Each structure stands twice: as C-alpha cells, then as structure tokens.
Amino acid sequence: MMEGNTGFSKSSFTGDEARSLLIVDDDPPLRNRLAQALEKRGFDVVAVESVAAGVELAHECAPAFAVVDLRLSDGNGLDVVSAIRDARRDARIVMLTGYGNIATAVAAVKAGAVDYLPKPADADMIEAALLARSGALPPPPENPMSADRVRWEHIQRVFEQCARNVSETARRLKMHRRTLQRILGKHAPYN
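A few points on the structure. (Residues numbered from 1 in each chain as written. Predicted model: local features only at pLDDT ≥ 70, side-chain atom pairs only at ≥ 80, totals over all residues. Heavy atoms only, no water.)

1. Quick word on the overall build of the protein
Secondary structure summary: the protein contains 8 helices and 8 strands in total. Counting only residues that meet the buried cut, the protein has 44% of its 191 residues in that class. Long-range pairs, those at least 24 residues apart, make up 64% of the contacts in the protein with a sequence separation of at least 6. (Helix = DSSP H or I, 4+ residues; strand = E, 2+ residues; numbered from the N terminus. Buried < 20%, exposed > 50% of the residue type's maximum accessible area, 1.4 Å probe, protein only. Contact = heavy atoms within 4.5 Å.)

As structure tokens, this is what we get:
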C-alpha cells in the first residue's frame, strides 16, 4: 500500500493493473484500515487523503477501482470521480459519505460512481459493491429506510436545491414555514 500525495507514476500500483484500487479519504484511521482490509482481499491499493492527490493519481495511473469519500478537506470527492471516469471509462467507483442523503447519492451516480455507501461501510460491503456485475441489482438492504426517513430525505433534498432557503422550500413543498422549520430543526429519523 502506498500513501501520500505527490510523485505518482505508473509504478504507484505495484501489482496487477486489473486489481488496482485508489482510496481517497481524509480520515487516516479509516483510510488505513480500509486499505489493509482490501489489500488482504487481493487489491493493489494506493491510499491518498485529498482531492488534489486523487485527481493527480487518476490521471497518472487510471485505477480499475476506486473508493472515494464525498467530503474531503480540500474539496468534493465528485471531482475525483470525474477524473477517474475521464481517465478510465470502465473504472468501478464507490462513493462513501458520512452525510448520506438521496441528492448526493444521485450526484455521485451521475458523476460515474457505481454505488454509494454511507459511512461506516465495512470492507465486505465495499468489496461487494466494487465487484458487483454491471447492471445487476444490489441485494435488498438489511434495514431499508422507513417512510419517515424517506420523507425527511426528500425535504432535505428540496431544501438543498433551494439554496437552504426555508421560505422557498416551504413554498415548493406546499408546507407551512413554521412546520418546515420544526422538521429541519430535528435530526434525521432512524430507520
């Protein structure tokens, strides 16, 4: 496993190019655990911590697989996804995030990710997403979202699309502004 953010070359990956995996996450303990676990599963792993390093490595080495965090300290992981997709059309990319909502999942898939997993995702889940047959439906979730959670996700999506403007969001949802403020003030419902 290589870690760092400068001086990448085709030799950054040391083994089989077909199993080359780029991990981009700014959480060192998570990044290192994930890199070690996926190396044990046969991937040739390079792990970096920033958008800049991820984009540079994507252009230099064009990995076959990637696991990219959505929010990184120097920007948005979607930029890394786009760079990988430009460098290698057949790359299988999984987006990770601690800020799971439907709008960001849609954006990740549109940018070229094959799957979107909320943190904490374990190595088994990530490996299954990376190796899933193209076009195959993923298995049903163990704990699907409740109707309350789906409603909350929809409200959050519209709120983000309205540039976090409560009045405009309430108007578009045909909801009283105070009711919307109460909903926005609460945490997401658990499944």
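2. Side note on the packing of helix H7 (residues 166-173) against helix H8 (residues 177-185)
One can describe the packing of H7 onto H8 by two numbers: an axis separation of 9 Å at closest approach and a directional angle of 110°. The angle between the axes of H7 and H8 places the two elements in the roughly perpendicular class. Each of Val-166, Ser-167, Thr-169, Ala-170 and Leu-173 in H7 lies in contact with H8, whose residues at this interface are Arg-177, Leu-180, Gln-181 and Leu-184. The residue inventory of the contact of H7 with H8, partitioned by class, reads 5 nonpolar, 3 polar and 1 charged. (Axes fitted to C-alpha atoms, helices over the stretch in contact; angles between N-to-C directions. Parallel < 35°, antiparallel > 145°, perpendicular 65-115°, else oblique. Nonpolar A, V, L, I, M, F, W, Y, C, P; charged D, E, K, R; others polar.)

3. A word on the nonpolar core
Grouped together as the largest cluster of nonpolar side chains are 26 residues, with contacts concentrated most on Leu-22, Val-24, Val-68, Ile-84, Ile-93 and Met-95. When contributions to this core are tallied by element, the ones reaching two or more residues are strand E2 (20-24), strand E3 (44-48), helix H2 (51-61), strand E4 (65-69), helix H3 (77-87), strand E7 (92-97) and helix H4 (102-111). In this structure Val-24 touches Val-48, Ser-50, Gly-54, Val-67, Val-68, Asp-69, Leu-72 and Val-80, once residues within four positions along its chain are discounted. Ala-47, Phe-65, Val-94 and Ile-126 belong to the second-largest nonpolar core, a separate cluster that totals 20 residues. (Core = buried A, V, L, I, M, F, W, Y, C linked by side-chain atoms within 4.5 Å.)

4. Description of helix H1 (residues 28-40)
Think of an α-helix as 3.6 residues a turn; residues three or four steps apart then line up on the same face. With 13 residues, H1 ought to run about 18 Å at 1.5 Å a step, and its terminal C-alpha atoms sit 18 Å apart, in line with that. Among the residues of H1, Leu-30, Arg-31, Leu-34, Ala-35, Ala-37 and Leu-38 are the ones counted as buried. Looking one or two residues past H1, Gly-42 carries a phi angle of roughly 100°, positive in sign. (Expected span 1.5 Å × (residues − 1).)

5. Some details on the packing of H2 against H3
Contact pair H2 / H3: the axes reach a minimum separation of 8 Å and the direction vectors enclose 5°. Here H2 lies roughly parallel to H3, going by the angle between them. Between H2 and H3, the residues in contact are Val-51, Gly-54, Val-55, Ala-58 and His-59 and Gly-77, Asp-79, Val-80, Ala-83, Ile-84 and Ala-87, respectively. By residue class, the composition of the contact of H2 with H3 is 7 nonpolar, 3 polar and 1 charged.

6. Some details on the side chain of Thr-169
Note on placement: Thr-169 falls in helix H7. Classification of Thr-169 by relative accessible area gives buried; the value is 0%. A polar side-chain atom of Thr-169 sits 2.7 Å from the main-chain carbonyl oxygen of Asn-165. Apart from residues no more than four positions distant in its own chain, Thr-169 is found in contact with Ile-155, Val-158, Phe-159, Cys-162 and Leu-180. (Polar contact = N/O pair within 3.5 Å; in protein donor to acceptor, adjacent residues only side chain to side chain.)

7. A word on the packing of aromatic side chains
Taken as a whole and assessed by the stated rule, the structure comprises 1 aromatic pair. With 5.3 Å between their ring centres and 85° between their planes, Phe-43 and Phe-65 make a pair best called edge-to-face. Of this pair, Phe-43 sits in the loop between H1 and E3 while Phe-65 sits in strand E4, and the two are 22 residues apart along the sequence. Side by side, Phe-43 and Phe-65 carry an identical accessibility label, which is buried. Positioned above the aromatic ring of Phe-43 is the side chain of Arg-19, whose terminal nitrogen or guanidinium carbon lies 4.1 Å from the ring centre. (Phe/Tyr/Trp six-rings, centres within 6.5 Å; stacked < 30°, edge-to-face > 60°. Lys NZ or Arg CZ within 6 Å of the ring centre and 35° of its normal.)

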